[in-house]
Amino acid sequence: MFHIIYMSSATVPFSPADLQSLLAVSRKNNAVSKVTGLLIYKDGNFLQVLEGEQTVIDKLYFKISLDPRHGHILAFFKEEIPKREFPDWSMAFRDLNIDTESSPEGFNEILNNNCTDLTQLSGKVRAFAKMFARK
């Protein structure tokens, strides 16, 4: 099993509808490719964890790096992992710009409360999610 944890900045604004569209396509494609992960969005910035077979993850990351909607892409970790961090999520999602009551389908409570309760995440993902939430 392999994962990539990266951050990027949107080159164009993402509305809630744009995020929903992105998630719908990503979840469909990820399910087919057996990719799981997490996507966090705040103020035009993304933090994403992608996990799966290394060749699949490498191809997906390369595709994302060519996507004109993403800029300033920076991978923090590209490494083998003992098991999936998000085995049940084709793409967990949290938009830190909106409150939980108006959250879209697929919203994940794991990053509720301003990222203070991250006990279900590994140390690396937890540290980056906390750092990202403070920006």
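J.: Run through the overall build of the protein chain, naming residues and quoting values.
T.: Secondary structure summary: the protein chain contains four helices and five strands in total. When the helices and strands of the protein chain are read in sequence order from the N terminus, they spell out β-α-β-β-α-β-β-α-α. Here the protein chain holds 135 residues, and 44% of them are scored as buried. At a minimum sequence separation of 6, the contacts of the protein chain that also span at least 24 residues come to 72%. Working note: accessible area of the protein chain is about 7400 Å², and carbon and sulfur atoms make up 53% of it.

J.: An account of the nonpolar core is requested, with residue identities and associated values reported.
T.: Formed by F2, I4, Y6, V35, L50, I57, L60, Y61 and I64, the largest nonpolar core amounts to nine residues. Going through the elements one at a time, β1 (2-10) and α2 (54-66) are the ones with two or more residues in this core. For this core, the element with the most residues is α2, which contributes four residues. Once residues lying within four places of it in the same chain are set aside, the contact partners of I64 are Y6, Q48, L50, H70 and I73.

J.: Account for the packing of aromatic side chains, naming residues and giving values.
T.: The geometry of an aromatic ring pair is captured by two quantities: the separation of the ring centres and the angle between the planes. Summed over the entire model, instances satisfying the criterion amount to four aromatic pairs. Here Y6 and Y61 contribute two aromatic rings whose centre-to-centre distance is 5.4 Å and whose plane-to-plane angle is 65 degrees, an arrangement assigned as edge-to-face. Here Y61 lies in helix α2 and Y6 lies in strand β1, a separation of 55 residues in the sequence. Accessibility classification places Y6 together with Y61 in one group, the buried group. Ring centres of Y41 and F46 lie 4.9 Å apart, and the angle between their planes is 50 degrees; this geometry places the pair in the tilted category. For the pair formed by Y41 and F46, the shared burial category is buried. Ring pairing ties together the aromatic residues F14, Y41 and F46, which thus form one cluster.

The rules behind each value
For every chain, the first residue of its written sequence is number 1, and the numbers climb from 1 along that sequence. Note on the predicted model: pLDDT of at least 70 is required for a residue's local features to be given, and 80 or more for side-chain atom pairs to be given and counted; whole-chain, interface and lining totals, by contrast, use all residues. The side-chain quantities take in all heavy atoms of the structure and omit both hydrogens and water. Helix and strand assignments follow DSSP, with helices taken as H or I runs no shorter than four residues and strands as E runs no shorter than two, numbered in order from the N terminus. Throughout, exposure labels follow a simple rule: accessible area from a 1.4 Å probe, protein chains only, divided by the maximum for the residue type, with under 20% read as buried, over 50% as exposed, and the rest as partly exposed. In what follows, residue pairs with any heavy atoms lying within 4.5 Å of each other are defined as contacts. Only the protein chains shown count as cover for residues, with accessible areas throughout obtained via the Shrake-Rupley method and a probe of 1.4 Å. For this analysis, a nonpolar core means a set of buried residues of the types Ala, Val, Leu, Ile, Met, Phe, Trp, Tyr and Cys, connected via side-chain atoms within 4.5 Å. Planes of paired rings set the category: under 30 degrees apart is stacked, over 60 is edge-to-face and the rest tilted, where pairs are Phe, Tyr or Trp rings (Trp by its six-membered ring) whose centres lie within 6.5 Å.

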